[in-house]
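One letter stands for each residue in the lines below.
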Amino acid sequence: LRSVDYGVSWSPVLLPTTNSFNHIAVFGPSTLETNLSAIVVGDSGTCYGSVNMQDWFPITVPTTENLLSIEFNGNNVICAGTNGIILKSINNGYDWIVSASGITTMIYDMKFVTSTTVVATSENGVLVRSEDAGDNWTIITTPTTADLFAVNFGSNSFGMSTGSEGSKIYTL
């Protein structure tokens, strides 16, 4: 669906796939005229890009894993999904490489904390963290064994992750 009036009304956007889409990343206004303005990711490595958020084209990614999350910071784009797959693009999502996460569980969500620091959530209370914009990852053990579905940061030093079984963890 697409809205051009801040979510008051919506119109369908048809894409030539029957795969489910799981997440969308929308880029800032400085990239809208010459680069991708949005990327959607989904099941079986499905990935589509758009420069105007109406016309979409397939993007080839080096996986058939289900992609559950996608985030961007400048030209750096990272997406992740099942079996610990993390993909990275340094050219706004046009070309992708696999980045070894060090885990084999689902990666549900991720956020850029700074231009180079990324934190991603996974199953069994595990987080992975990169300090070089997704090139290398470190496994972070947390005080919970619950699956962590979401992560967000209010500042560079304060973050929160939530998950199953009412779990909430904080970093200060």
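A short tour of the structure in this document, coming up. Because the structure is a prediction, the values reported are computed rather than measured. (Residues numbered from 1 in each chain as written. Predicted model: local features only at pLDDT ≥ 70, side-chain atom pairs only at ≥ 80, totals over all residues. Heavy atoms only, no water.)

Overview of the overall build of the protein chain
Scanning the protein chain from terminus to terminus reveals zero helices and 15 strands. On C-alpha atoms alone, the protein chain measures out to a radius of gyration of 16 Å, which is about the 16 Å that the 2.2 N^0.38 rule sets for 172 residues. The principal-axis extent of the C-alpha atoms belonging to the protein chain is close to 45 × 35 × 30 Å. Looking at the protein chain residue by residue over its 172 residues, the buried ones come to 45%. Considering only contacts within the protein chain whose residues lie at least 6 apart along the sequence, 33% involve residues at least 24 apart. In the form shown here, the protein chain has an accessible surface area of approximately 8900 Å², with 54% of it arising from carbon and sulfur atoms. The distance from the centre of the 5 positive side-chain charges to the centre of the 14 negative ones in the protein chain is 7 Å. (Helix = DSSP H or I, 4+ residues; strand = E, 2+ residues; numbered from the N terminus. Rg over C-alpha atoms; globule rule 2.2 N^0.38 Å. Buried < 20%, exposed > 50% of the residue type's maximum accessible area, 1.4 Å probe, protein only. Contact = heavy atoms within 4.5 Å. Areas by Shrake-Rupley, 256 points an atom, 1.4 Å probe, with all protein chains shown as cover. Lys, Arg positive; Asp, Glu negative; His and termini not counted. Charge placed at Lys NZ, Arg CZ, Asp CG, Glu CD.)

A look at the sheet that holds strand β14 (residues 159–163)
Strand order in the open sheet made by the three strands is β13-β14-β15, with antiparallel pairing throughout. The open sheet is flanked by β13 (148–153) and β15 (168–171), the only strands paired with a single partner. Strand-to-strand, the axes of this sheet are offset by a mean angle of 15°, without reference to chain direction. Here four bridges tie β14 to β15, and the two strands are oriented antiparallel to one another. Along β15, the bridge assignment pairs M160 with Y170. (Pairing = 2+ DSSP bridges. Axes fitted to C-alpha atoms, helices over the stretch in contact; angles between N-to-C directions.)

As for the sheet that holds strand β11 (residues 126–130)
Strand order in the open sheet made by the four strands is β9-β10-β11-β12, with antiparallel pairing throughout. A strand with exactly one partner marks an edge of an open sheet, and here the two such strands are β9 (107–112) and β12 (138–141). Shown here is a sheet whose adjacent strand axes are inclined to one another by a mean of 25°, direction ignored. In this sheet, β11 lies alongside strand β10 (residues 118–122) in antiparallel orientation, the contact comprising four bridges. Bridge pairing in β11 links V118 to S130.

Digging into the packing of aromatic side chains
Counted under the stated rule, the structure contains three aromatic pairs. Arranged with centres 6.0 Å apart and planes meeting at 80°, the rings of F21 and Y48 form a pair that is edge-to-face. Of the two residues, F21 is situated in strand β1 (residues 21–26) and Y48 in strand β3 (residues 47–50); the sequence distance between them amounts to 27 residues. Relative accessible area serves as the criterion here: at 33%, F21 is assigned to the partly exposed category. Look at Y48 and you get buried, because its relative accessible area is 8%. When the centroid spacing of 4.8 Å and the interplanar angle of 85° are considered together, the rings of Y108 and F149 count as edge-to-face. Separated by 41 residues along the polypeptide, Y108 in strand β9 and F149 in strand β13 bring together distant segments of the chain. A residue is classified by how much of its surface remains accessible, and F149, at 40% relative accessible area, is partly exposed. (Phe/Tyr/Trp six-rings, centres within 6.5 Å; stacked < 30°, edge-to-face > 60°.)

As for the side chain of S130
Summarising the element assignment, S130 is placed in strand β11. Within polar-contact distance, the side chain of S130 engages the side chain of D132 at 2.9 Å. Among residues more than four places away in sequence, those in contact with S130 are T116, T117, V118, D135, N136 and W137. (Polar contact = N/O pair within 3.5 Å; in protein donor to acceptor, adjacent residues only side chain to side chain.)

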